[in-house]
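What follows is each chain in one-letter form.
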Amino acid sequence: GGTVSGTGSYRFGQTATLTATAKTGYTFQGWFTSATFTGTPVSTETTYSHTFSTDASKTLYANFTANTYSLTIKLGTGVSKVTYQVAGGTATAVTAQTTITVAYSQTVKLTSAFSTGYEFASFTTDGTIGASSSNAYTFTYNVTNALTIIANAKKEVYKVAVHNYTVEFNGS
């Protein structure tokens, strides 16, 4: 979720200045002494300075977390349900507009089902990600704002074939 500068070896009396820079879609949470980011952070500032006096070596861990955004799923006319799955989690079917929370860079999978007389047309968005002409739409959430996706259906086309046959009988 980010990069760190200022690491290295420092002598007694020297000051180490560390800088954390979050990547797009992530937020810096703080400098921790635990690799599991438990406890209170040493600092929540992106720039942290430490002067080595009587301290021994010091290891700090920069914690970056993915930002979360709202994803609204709308069902267009003729769509009876949309099933969504975020980051390989549980697939959930919805039959009405719903809004879910998605973290930056998570994978989202959508599929739709239709009312009688309708078939898949497309998934469209509010213009940020694009659209899909596949009913198995999988994308990575790499936008830094809320997004609306609409499942669209179209009326099925039925073909009627008419065959005209003439049957003649010979009187014999």
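This structure is a prediction, so every number in the text was calculated from the model and none was measured.

(A) Examining the nonpolar core more closely. Leu-71, Leu-110, Phe-139, Tyr-141 and Ile-149 are the most contacted members of the largest nonpolar core, which totals 22 residues. For this core, the secondary structure elements donating two or more residues are strand S6 (68-75), strand S7 (79-86), strand S9 (98-103), strand S10 (107-114), strand S11 (118-125), strand S12 (137-140) and strand S13 (147-155). Broken down by element, the residue count for this core peaks at four residues, all from S7. Those residues in contact with Leu-71 that sit more than four places away from it in its chain are Thr-98, Thr-99, Ile-100, Val-102, Val-108, Phe-139, Tyr-141, Leu-147 and Ile-149.

(B) View of the sheet that holds S10. What the four strands build is an open sheet, ordered S8-S7-S10-S12; its pairing is antiparallel. The sheet is open, and its two edges are formed by strand S8 (92-94) and S12, each paired on a single side. Going across the sheet, the axis of each strand differs from the next one's by a mean of 25°, ignoring polarity. Bridge count for S10 against S12 is four bridges, and the pairing is antiparallel. Along S12, the bridge assignment pairs Lys-109 with Thr-138.

(C) Looking closely at the sheet that holds strand S1 (residues 2-5). Strands sit in the order S1-S2-S4 across an open sheet of three strands; the sheet is antiparallel. With one partner strand each, in any of the chains shown, S1 and strand S4 (47-51) form the two edges of the open sheet. Strand-to-strand twist of the sheet, defined as the mean angle between neighbouring strand axes without regard to direction, takes the value 15°.

The rules behind the values
Numbering of residues starts from 1 in each chain and follows the order in which that chain's sequence is written. In keeping with the predicted nature of the model, local features appear solely for residues at pLDDT of at least 70, side-chain atom pairs appear and are counted solely at 80 or more, and the whole-chain, interface and lining totals rest on all residues. Values shown for side chains rest on all heavy atoms present in the structure; no hydrogens or waters enter the calculation. Nonpolar core, defined: a set of buried Ala, Val, Leu, Ile, Met, Phe, Trp, Tyr and Cys residues in which side-chain atoms within 4.5 Å join the residues together. When a residue's accessible area, from a 1.4 Å probe over protein chains only, is under 20% of the maximum for its type it is buried; when over 50% it is exposed; and in between it is partly exposed. Here a strand is any run of E in DSSP of at least two residues, a helix any run of H or I of at least four, and the numbering for each starts at the N terminus. In this description, contact between two residues means that some pair of their heavy atoms is separated by no more than 4.5 Å. Paired strands, as defined in this entry, are two strands with at least two bridges between them according to DSSP. Note on definitions: angles span 0 to 180 degrees between N-to-C directions of axes, and those axes are lines fitted to C-alpha atoms, for helices only across the stretch in contact.

That is the geometry; function is a separate question.
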